[in-house]
2 protein chains.
Amino acid sequence: MSSARDPVWVVTIGDELLRGEIVDSNKSHLSQRMLALELESTRHVSVPDDPRAMEEVLREAAARARVVLVSGGLGPTRDDLTTEIAARTFGRKLVRDAESLEQIRAFFRRFNREMAENNAKQADFPEGAEILPNPIGTAPGFMLDVPAPSTGEPSTQLFFMPGVPRELYRMLDEQVVPRISARLGRGRVVRARLLRTFGIGESNLDRMLADLAQADADAVLGFRTQFPDNLVRILVRAADERAAETRLDELEREVRARLGDLVVATGEQKLEEAVAALLRERKRTIAVAESLTGGLVASRLTDVPGSSAYLLEGVVAYANDAKVRALGVSPESLKQHGAVSEPVARQMAEGARRNAGADIGLATTGIAGPEGGSAEKPVGTLWLALADGAGTIAHRYQLMTDRARNKELASQLALDWVRRRLLGLPISAETFPRLISAKEPAK
Amino acid sequence: MSSARDPVWVVTIGDELLRGEIVDSNKSHLSQRMLALELESTRHVSVPDDPRAMEEVLREAAARARVVLVSGGLGPTRDDLTTEIAARTFGRKLVRDAESLEQIRAFFRRFNREMAENNAKQADFPEGAEILPNPIGTAPGFMLDVPAPSTGEPSTQLFFMPGVPRELYRMLDEQVVPRISARLGRGRVVRARLLRTFGIGESNLDRMLADLAQADADAVLGFRTQFPDNLVRILVRAADERAAETRLDELEREVRARLGDLVVATGEQKLEEAVAALLRERKRTIAVAESLTGGLVASRLTDVPGSSAYLLEGVVAYANDAKVRALGVSPESLKQHGAVSEPVARQMAEGARRNAGADIGLATTGIAGPEGGSAEKPVGTLWLALADGAGTIAHRYQLMTDRARNKELASQLALDWVRRRLLGLPISAETFPRLISAKEPAK
């Protein structure tokens, strides 16, 4: 068991990490890049700027992993010990590199500043290290090649990089990834694509798609939740860029054929952006009337640049009086059915549409919680309604999270209704079996 | 050197962490809380949902640290292995806990749903574990006490908690911190208090406050940015709870005396919660008219439970037509001054107040970007207006970030105006020198 070394360890160094003063996003970035090289990170470790802790972790990592990515501790201050400790741990002398020193001086000259003397130590490297240039900062990185614990095995490559994210990311892409890639000698490219789904759980996605990648060692499907969406990642390996894109296109087509209208967007596009694009493309306008979502639907729509082209008006009608006055809801309906009811949802959507002269009227009413529920209408009850030229539809949902996420989920459902309507897709409460259970049949 | 064990290790478990799919903020949160107990975390480790990797890290952590905080892998799926591996690693049997099982069933009943059979395993615990209740999720945590590697030393406490942040944070504060604290049994307690400021930069905070803590080794002031707020943390150590609270009160009074009305809230309270509390306390109602913020002000106000008590109505008036029809803005003003102007901002605030019959009318109009700016009204131009029984005030600001943060900053300014108005504090464009520069004098 102990003979097979781990593919990659990621080590980050800095007191601020261990004190919890900053959230360390470098580790996830480094691991993502490794994954694109088909290398799994099997351990993330962070230690403080402490010589003993640093030496311990460098020794462990070199013995147990084939590639070690280290970030942090290359700065000019007394706390920045990484280079010195790396040299000591692996029995190397520190050697000053004249060319690096000149580049650091030049960096300061560009800003009309003198290099402080403590910056000179950033030109010191363990003997035998390969220097990794840093075109946008003063701290170059370096690579150490350390013999494997037992003979016959390949050595361990340790890459030391700065902790400043933009310097790290650039050095990683320009200096580190090519070196690892060359050593792997695979001559293959890896490409990924991301599809966003809404209304289907991770395990159902897995069930519907798992076989797609199973026959093909060079294609991998991955699933992950980003509330309230579930993401499908398609990753392929191929001989070249073009073959990879072709294979991605094929797989995306097949995934879409199976999931149909559950795919709401691609890549980092958000649902509101997809809806905005559809509204613009089809030259439709919208007005929203919000009770449960309290302005969140309008706010998401206005997060998209240029939203004034299609969002004519939003009304946050929390008070019954506002529902009557601003949206034309009938006081009798409010009295007879309550504010959280089908007739009121319908009248809100119709009123918003009529007042603004919009193509689409969209309404939410419900009980976000934590208070205000009853046996008949528990916390999480949501009525959605959409009115357009073809008439008005309304459904009841039962949300089951906390206030903030109930609002978020309701706004996501509401926006998805618009997407579905614009694409001519069905809207039914049964579309979302895992997220929300419908309490009444669709009408 | 190897005899002194580390105070705290933090271990997080999950494939998604090692694939870099999510940024792990749990580790920094856990370390922050330990720091308040004067316990330094000396190592953060993350491993995938892999039995061998999990067993390795649990064994290492138990041997090398006195407190081990573990999060993740307590869910109901096949991938969630933490409990099983913990039992195996420390030679315990798995035992089902009837009371926990009943609580999990009850959790589902609250939403009128059946518990799925795989959830039952969340009621299994290693023999001898102390169960840590989870009042807001289905996965209870547990604590294992493992003997120290050599005799005479105190045992290691391993706390196993869910990975879902809100469940983790609550369990940490209610179950874990008190247990660690009790065991430390130091004659001293550590207490912290957090003040949120808005409208002053970190370096100015430091300059205004740094001397406060310098004379006193048992008091520490810390600063940190959480856009758009800057936070001041006061940490004191004292002989007992009461002495600590007294010292905190003194320091808080002094900080407030120096910062005055820049302190907007305390602890985790958000500005909208502070504003909501003031509105309720003073029995005032509010109506908002939003253009630039597009519903975000209303959405933030409705994030607070019970907001129907004070938020009467919100209008998102993006189109000029909506400003005229729904808010009574004069078409002449729109034509003469444009939608982003003082007269229109004033009329929006007054119209919202009048329509809803609210005590306060609040309005935002401006250019969020990235398009739509001009030489006279560049991107980031914001007019805020507030109308109440005493009249109407309006100011112009110049925001200088991207669309999303311009919206956020504008909503923060707008809510801060309400806070200031309710407290009788001055409202002036000069209050916020670092965040936004006023282009015109206040009126």
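Residues numbered from 1 in each chain as written. Chains lettered and ligands numbered in written order. Predicted model: local features only at pLDDT ≥ 70, side-chain atom pairs only at ≥ 80, totals over all residues.

S.K.: Which parts of the structure should I look at to understand the overall build of chain A?
M.R.: Secondary structure assignment for chain A yields 14 helices and 17 strands. Expressed along its principal axes, the backbone C-alpha trace of chain A runs to roughly 85 × 55 × 40 Å. Across the 443 residues that make up chain A, the buried fraction comes to 47%. Put simply, 65% of the contacts in chain A that link residues at least 6 apart link residues at least 24 apart. (Helix = DSSP H or I, 4+ residues; strand = E, 2+ residues; numbered from the N terminus. Buried ≥ 20, exposed ≤ 12 C-beta atoms within 10 Å, placed from the backbone. Contact = placed C-beta atoms within 7 Å.)

S.K.: In this structure, what is going on with the sheet that holds strand S9 (residues 189-197) of chain B? I would like to understand it.
M.R.: Pairing between the strands of a sheet is mediated by backbone hydrogen bonds and can be parallel or antiparallel. Residues and elements named next belong to chain B. Strand order across the open sheet formed by four strands is S10-S11-S9-S12, with antiparallel pairing between neighbours. Only two strands of the sheet have a single partner each, and these edge strands are strand S10 (219-226) and strand S12 (263-266). Each neighbouring strand pair of the sheet contributes to a mean axis angle of 25°, computed without reference to strand direction. For S10 and strand S11 (residues 229-238), the ladder comprises eight bridges, and the chain directions are antiparallel. Each residue of the ladder has a partner; that of Thr-225, found in S11, is Asn-230. Docked against the sheet, helix H9 (residues 241-259) engages S9, S10, S11 and S12, running at close to 145° with respect to S11. (Pairing = 2+ DSSP bridges. Axes fitted to C-alpha atoms, helices over the stretch in contact; angles between N-to-C directions.)

S.K.: Whenever I open this one, unusual backbone geometry confuses me. Can you help?
M.R.: For residues that are not glycine, phi is negative in most cases, and the peptide bond is trans in most cases. Residues and elements named next belong to chain A. At the junction of Gly-369 and Pro-370, the peptide bond is cis and its omega measures out at 0° in the coordinates. Along the chain, Pro-370 turns up in the loop between strand S15 (360-366) and strand S16 (381-388). Its identity is not glycine, yet Lys-283 carries a phi of approximately 50°, on the positive side. Relative to the assigned elements, Lys-283 resides in the loop between helix H9 (271-281) and strand S13 (286-290).

S.K.: Explain the nonpolar core here, please?
M.R.: Among soluble globular proteins, nonpolar side chains are generally buried collectively. Residues Ile286(A), Met348(A), Leu362(A), Ile286(B) and Met348(B) are the most contacted members of the largest nonpolar core, which totals 146 residues. Once residues lying within four places of it in the same chain are set aside, the contact partners of Ile286(B) are Leu279(B), Tyr310(B), Leu311(B), Leu312(B), Ala358(B), Asp359(B), Ile360(B), Leu362(B) and Val418(B). Leu172(A), Trp9(B), Phe90(B) and Leu172(B) belong to the second largest nonpolar core, which has 83 residues in total. (Core = buried A, V, L, I, M, F, W, Y, C linked by C-beta atoms within 7 Å.)

S.K.: How do you make sense of the domain arrangement of chain A when you look at a structure like this?
M.R.: Many descriptions give the size of an interface as the accessible area lost when the pieces come together. Residues and elements named next belong to chain A. Split into domains, chain A comes out as domain 1 (1-186), domain 2 (188-268) and domain 3 (271-435). Using only C-alpha atoms to locate each centre, domain 1 and domain 2 end up separated by 33 Å. With four residues of domain 1 at the interface, the matching set in domain 2 holds four residues. Within the side of domain 1 that touches domain 2, the residues separate by chemical class into two nonpolar, no polar and two charged. (Domains from an automatic or database assignment. Nonpolar A, V, L, I, M, F, W, Y, C, P; charged D, E, K, R; others polar.)

S.K.: How do you make sense of the interface of chain B and chain A when you look at a structure like this?
M.R.: Counting residues at the interface gives 55 residues for chain B, matched by 54 residues for chain A. Elements that contribute at least two residues to the side of chain B that touches chain A include exactly helix H1 (15-18), helix H2 (26-36), strand S2 (41-47), helix H3 (51-64), helix H11 (296-302), strand S14 (311-316), helix H12 (320-327) and helix H15 (403-423) of chain B. Where strand S2 (residues 41-47) of chain A meets S2(B), three bridges bridge the pair, whose relative direction is antiparallel. Residue Val45(A) lies in a different strand from S2(B), and its bridge partner there is Val45(B).

S.K.: How should helix H6 (residues 165-184) of chain A be read in this particular structure?
M.R.: It helps to recall that an α-helix has 3.6 residues per turn; residues three or four apart then point in one direction. Residues and elements named next belong to chain A. Where H6 bends most, the angle comes to about 45°, and this point is Leu-172. Along H6, the positions that sit buried rather than exposed are Glu-167, Leu-168, Met-171, Leu-172, Gln-175, Val-176 and Ile-180. Residues of H6 that are buried sit in contact with helix H2 (26-36), strand S3 (65-71), strand S6 (130-132), strand S7 (141-146) and strand S8 (156-161). (Bend = angle between axes of the 7 residues up to and from the residue.)

S.K.: What is the right way to read the pairing of strand S15 (residues 360-366) of chain B from this model?
M.R.: Looking down a regular strand, the side chains alternate between one sheet face and the other. All names here are of chain B. Burial runs high along S15: seven of the seven residues are buried. Residues of S15 alternate between two faces, with Ile-360, Leu-362, Thr-364 and Gly-366 on one and Gly-361, Ala-363 and Thr-365 on the opposite face, all of them buried. Judged from the five bridges that link them, strand S13 (residues 286-290) and S15 form a sheet pairing that is parallel. The residue of S15 that forms the bridge with Ala-287 is Gly-361. Here S15 pairs with strand S16 (residues 381-388) via six bridges, running antiparallel. In the strand pairing of S16, Gly-366 is matched with Leu-382.

S.K.: What am I meant to see in the packing of helix H3 (residues 51-64) of chain A against helix H4 (residues 82-89) of chain A here?
M.R.: Helix-helix packing is described using two parameters, namely the angle between the two axes and the distance between the axes. Residues and elements named next belong to chain A. Put simply, H3 and H4 touch, their axes get as near as 10 Å, and they point 55° apart. Judged on the interaxial angle alone, H4 and H3 are oblique. Handedness of the crossing formed by H3 with H4: right-handed. Contact residues: H3 offers Pro-51, Met-54, Glu-55, Leu-58 and Arg-59, while H4 offers Thr-82, Ile-85, Ala-86, Arg-88 and Thr-89. (Parallel < 35°, antiparallel > 145°, perpendicular 65-115°, else oblique. Left-handed = near helix turned anticlockwise from the far one by under 90°.)

S.K.: Teacher, can you tell me more about helix H13 (residues 342-356) of chain A here?
M.R.: All names here are of chain A. Here H13 is 15 residues long and its end C-alpha atoms lie 22 Å apart, about the 21 Å a rise of 1.5 Å per residue gives. Among all positions in H13, only Val-344, Ala-345, Arg-346, Gln-347, Met-348, Ala-349, Glu-350, Gly-351, Ala-352, Arg-353, Asn-355 and Ala-356 are buried. Trailing H13 by a residue or two, Gly-357 shows a phi angle of about 65°, which is positive. (Expected span 1.5 Å × (residues − 1).)

S.K.: Honestly, the packing of H9(A) against helix H14 (residues 403-423) of chain A in this entry has me stumped. Any pointers?
M.R.: All names here are of chain A. The geometry of H9 relative to H14 is characterised by a closest axis approach of 10 Å and an angle of 30° between their N-to-C directions. On the basis of the axis angle, H9 is roughly parallel to H14. Judged by the twist between their axes, the crossing of H9 over H14 is left-handed. Judged by residue contacts, Leu-271, Glu-272, Ala-274, Val-275 and Leu-278 of H9 engage Gln-412, Leu-415, Asp-416, Val-418, Arg-419 and Leu-422 from H14. Residues of the contact of H9 with H14, tallied by class, amount to seven nonpolar, one polar and three charged.

S.K.: Can you walk me through the sheet that holds S13(A) in this structure?
M.R.: Spatially, 10 strands are ordered S17(A)-S16(A)-S15(A)-S13(A)-S14(A)-S14(B)-S13(B)-S15(B)-S16(B)-S17(B) in an open sheet, and the strand pairing comes out mixed. Lying at the two open borders of the sheet, with one neighbouring strand each, are strand S17 (391-398) of chain A together with strand S17 (391-398) of chain B. Neighbour-to-neighbour, the strand axes of the sheet open up by a mean angle of 10°, direction not taken into account. Along the sheet, helix H11 (residues 320-327) of chain A contacts S13 and strand S14 (311-316) of chain A together with S14 of chain B; its crossing angle with S14(B), the most-contacted strand, is approximately 30°.

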